[in-house]
Amino acid sequence: MCFTLLLVGCPSQDVEENDSSTPTVEAPRGRIAGVVVTETGEPIDGADVRAQSQLTTTDETGAYVLDYVYPDRDIVIEFSKRGFAKNYTSTTLSSWETVTSNVTLLEIDGSGQFNGSTGGTVQVNDVIAEFPANAVIDAHGSSFAGQVTAEVTYVNPHESRTGTPGDLAALAFKPDSEPGNDERVMTQLVSYGMVDITLYSDDGKLLTLGDEVLVDVMIPIFNGDLPDDKALSDGDEQPAWSFSPDHGLWIEESSGQIVEDIDHQLFFRFQASHFSWWNCDQGFVPTCASGRVVDFLEFPVRGAEVTCSGGQTTS
């Protein structure tokens, strides 16, 4: 799929302060509404929904409404609730309108605990995360020395990608660039395994990693039905990608290594500097599809959701 990044600013309105004859023009603001459900379609009550500076929660039907959202392209909406993996959607808002953005949240696979001051290892199924001492900070940036709960959700993308963020559009390091050059280019990803890890205090407050902290993470990966030239094997070095809530895209951050255990199961070992969704992927040259969505009277339909399901990725 082809993607274009646009930054659209809201035009300013110059008004004379002392000119009472000049009417004040209010900047347009719209609404984003939708429904948050589980993987089986059950509504999720009490999920937090954020976009721009707005915050709301879902009701017992899973419905939410975000008011006073400024029009923009590619507005990223964050959905979260304790016991579920985070998820994100993107939408475009034009003027005084309401747009719909529905989402699915995955229930976590499990959780583990460690002490913030001493660190520790969390293992949920085949996902392992090793936390160093004094790695965690609270919302105020202070070191957190209490008990930390790490909620873990793993996804095998060859089985399902429901509940994972984005459509695998990504920003990769520019090929053949000189060391230290952080220039990025758009690409599309083939995924081998995804994980979300979220940290909480005993009283349910969100925690994060401190600056310059690295956590060793290992997740299982699968080649699925990918062709031989896309299949990974023991010893391969592979990029590590994280989902950026600011961009609504996957971002290449570092690299990790493919390792194989005695049962011939492949794993991806990498270091995480923060916790969003992380992904073991590689980029490929995308095939582009374009078209026009209309109703039965041939009127254009804006905001329709279009899915392209391919052998290597789904967009």
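Quantities reported herein were computed from a predicted structural model and do not represent experimental measurements.

**Describing the overall build of the chain**
Then, in step 1: Counting secondary structure elements, the chain contains zero helices and 21 strands.
Then, in step 2: By residue count, 41% of the 315 residues in the chain fall in the buried class.
Then, in step 3: For the chain, the proportion of contacts with a sequence separation of at least 24, taken over those separated by at least 6, is 65%.
Then, in step 4: Carbon together with sulfur atoms contributes 47% to the accessible area of the chain, which is approximately 17,300 Å² in total.

**Some words on the pattern of salt bridges**
Side chains that carry opposite charge are capable of pairing whenever their charged atoms lie near each other.
Then, in step 1: Per the stated rule, a full pass over the model turns up five salt bridges.
Then, in step 2: In this structure, E78 and R50 form a salt bridge, with 3.5 Å as the shortest nitrogen-oxygen distance. Of this pair, E78 sits in strand β5 (residues 72-80) while R50 sits in strand β2 (residues 48-51), placing them 28 residues apart in sequence.
Then, in step 3: Overall, R50 belongs to the partly exposed group, its relative accessible area being 33%.

**Quick word on the side chain of T187**
Then, in step 1: Looking at the element boundaries, T187 is found in strand β15 (residues 184-200).
Then, in step 2: The contact partners of T187, leaving out residues within four places of it in the chain, are L168, A169, A170, A172, W241, G283 and F284.

**Details of a nonpolar patch on the surface**
Then, in step 1: Together, V293, V301 and V306 line one region of the surface with nonpolar side chains, adding up to about 220 Å² of accessible area.
Then, in step 2: In this structure, V293 sits in the segment after β21 (277-284).
Then, in step 3: By relative accessible area, V293 is classed as partly exposed at 35%.

**Topic: the pairing of β21**
Then, in step 1: Burial analysis of β21 places seven of its eight residues in the buried class, the great majority of the element.
Then, in step 2: Across eight bridges, β15 lies against β21 in antiparallel orientation. Bridge pairing in β21 places D196 opposite W277.
Then, in step 3: Pairing geometry for strand β18 (residues 237-244) and β21, over three bridges, is antiparallel. Note that in β21 the partner of W241 across the bridge is N279.

**Examining unusual backbone geometry**
Then, in step 1: For D74, which is not glycine, the phi torsion reads 55° and is therefore positive.
Then, in step 2: Along the chain, the position of D74 falls in strand β5.
Then, in step 3: Unlike most non-glycine residues, N134 shows phi in positive territory, near 55°.
Then, in step 4: In this fold, N134 is placed in the loop between β11 (127-131) and β12 (136-137).

**Quick word on the confidence of the model for the chain**
Then, in step 1: Summary statistics for the chain give a mean pLDDT of 87 and a share of 88% for residues scoring 70 or more.
Then, in step 2: Below a pLDDT of 50 lies the segment residues 1-16, which in the model reaches 21 contacts outside its immediate sequence neighbourhood of four places, other chains included.

**A short note on the packing of aromatic side chains**
Then, in step 1: Per the stated rule, a full pass over the model turns up seven aromatic pairs.
Then, in step 2: With a centroid separation of 4.2 Å and an interplanar angle of 15°, the aromatic rings of F114 and F131 are classed as stacked. Taken together, the residues span a long stretch of sequence, with F114 in strand β9 (residues 110-115) and F131 in strand β11 at a distance of 17 residues. Here the two residues F114 and F131 agree in accessibility, since each one is buried.
Then, in step 3: Following the ring pairs from residue to residue traces out a cluster consisting of Y88, F243 and W250.

**Considering the environment of V148**
Then, in step 1: Assignment of secondary structure puts V148 in strand β13 (residues 147-155).
Then, in step 2: Expressed as a C-alpha distance, the spacing of V148 and G119, which sit 29 residues apart in the sequence, is 9.2 Å.
Then, in step 3: Ignoring any residue separated from it by four or fewer positions in sequence, one finds V148 in contact with G112, Q113, F114, G116, V136, L199, Y200 and L207.

About the cut-offs
Residues numbered from 1 in each chain as written. Predicted model: local features only at pLDDT ≥ 70, side-chain atom pairs only at ≥ 80, totals over all residues. Heavy atoms only, no water. Helix = DSSP H or I, 4+ residues; strand = E, 2+ residues; numbered from the N terminus. Buried < 20%, exposed > 50% of the residue type's maximum accessible area, 1.4 Å probe, protein only. Contact = heavy atoms within 4.5 Å. Areas by Shrake-Rupley, 256 points an atom, 1.4 Å probe, with all protein chains shown as cover. Salt bridge = Lys/Arg side-chain N within 4 Å of Asp/Glu carboxyl O. Patch = residues over 30% accessible without salt bridge, like charges linked within 9 Å, V, L, I, M, F, W, Y side chains within 5 Å. Pairing = 2+ DSSP bridges. pLDDT = per-residue confidence, 0-100. Phe/Tyr/Trp six-rings, centres within 6.5 Å; stacked < 30°, edge-to-face > 60°.

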